[in-house]
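Summary of the model geometry
Below are the chains, spelled out letter by letter.
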Amino acid sequence: MTPTDGDVTWLPLVTLVGVSEDTWRKMVRNLCHSAERKRFEETGQELAELLDEEKLSGVPVLIFANKQDLLTAAPASEIAEGLNLRTIRDRMWQIQSCSALTGEGVQDGMNWVCKNVTAKKKQ
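Residues numbered from 1 in each chain as written. Predicted model: local features only at pLDDT ≥ 70, side-chain atom pairs only at ≥ 80, totals over all residues. Heavy atoms only, no water.

The protein chain has the name ADP-ribosylation factor-like protein 3 in an unreviewed UniProt entry, where Cyprinus carpio is given as its organism.

So this is what it looks like as structure tokens:
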């Protein structure tokens, strides 16, 4: 799915702060949303590969657990487990429940990004 598909609820599950366009394109191929449990493991493996890239060393990671307005959406804790997020120890990361449809949680995620990008720049 791409942002141009007309799906007003589109938000990437994984947003990497400060990545190049080429790296972002790699990630866009492996997006999933909170109700796509069967894709969590695959997406987690792809995320781990991306985070191993030297140019992403220490870059904060925000996971938007989107589509929380769906009854079938996995909670953030289940997504964190499915993506193996607890194994990430070399950078700040956050998983944020949200619904792009209602806007709930999106601002909280963006506030986290702003705070952590600023903190990274100060280092």
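Brief notes about the overall build of the protein chain
Counting secondary structure elements, the protein chain contains four helices and three strands. In sequence order, the secondary structure elements of the protein chain are arranged as β-α-α-β-α-β-α. The buried share of the protein chain, reckoned over its 123 residues, is 42%. Put simply, 67% of the contacts in the protein chain that link residues at least 6 apart link residues at least 24 apart. Accessible surface, the protein chain as shown: approximately 7200 Å² in total, 50% of it carbon and sulfur. (Helix = DSSP H or I, 4+ residues; strand = E, 2+ residues; numbered from the N terminus. Buried < 20%, exposed > 50% of the residue type's maximum accessible area, 1.4 Å probe, protein only. Contact = heavy atoms within 4.5 Å. Areas by Shrake-Rupley, 256 points an atom, 1.4 Å probe, with all protein chains shown as cover.)

A word on the side chain of Ser99
Residue placement: Ser99 occurs in the loop between strand 3 (93-97) and helix 4 (106-122). Side-chain polar atoms of Ser99 contact the backbone nitrogen of Thr102, separated by 3.2 Å. The contact partners of Ser99, leaving out residues within four places of it in the chain, are Asn66, Lys67, Gln68, Asp69, Glu104 and Val106. (Polar contact = N/O pair within 3.5 Å; in protein donor to acceptor, adjacent residues only side chain to side chain.)

So, the pairing of strand 3
Along a regular strand, successive side chains alternate from one face of the sheet to the other. Note that strand 2 (residues 61-65) and strand 3 share five bridges and pair parallel. In the sheet register, Phe64 faces strand 3, and the bridge partner there is Gln96. In this fold, strand 2 hands off to helix 3 (residues 76-82), which returns the chain to strand 3; that crossover is right-handed. (Pairing = 2+ DSSP bridges. Right-handed = clockwise from strand over helix to strand, strands pointing away.)

Things to note about the nonpolar core
Counting 15 residues, the largest nonpolar core has Phe40, Ile63, Ile79, Leu83, Leu85 and Ile95 as its most contacted members. When contributions to this core are tallied by element, the ones reaching two or more residues are helix 2 (40-51), strand 2 and helix 3. The next biggest cluster of nonpolar side chains, apart from the first, holds five residues, and it includes Phe64, Cys98, Trp112 and Val113. (Core = buried A, V, L, I, M, F, W, Y, C linked by side-chain atoms within 4.5 Å.)

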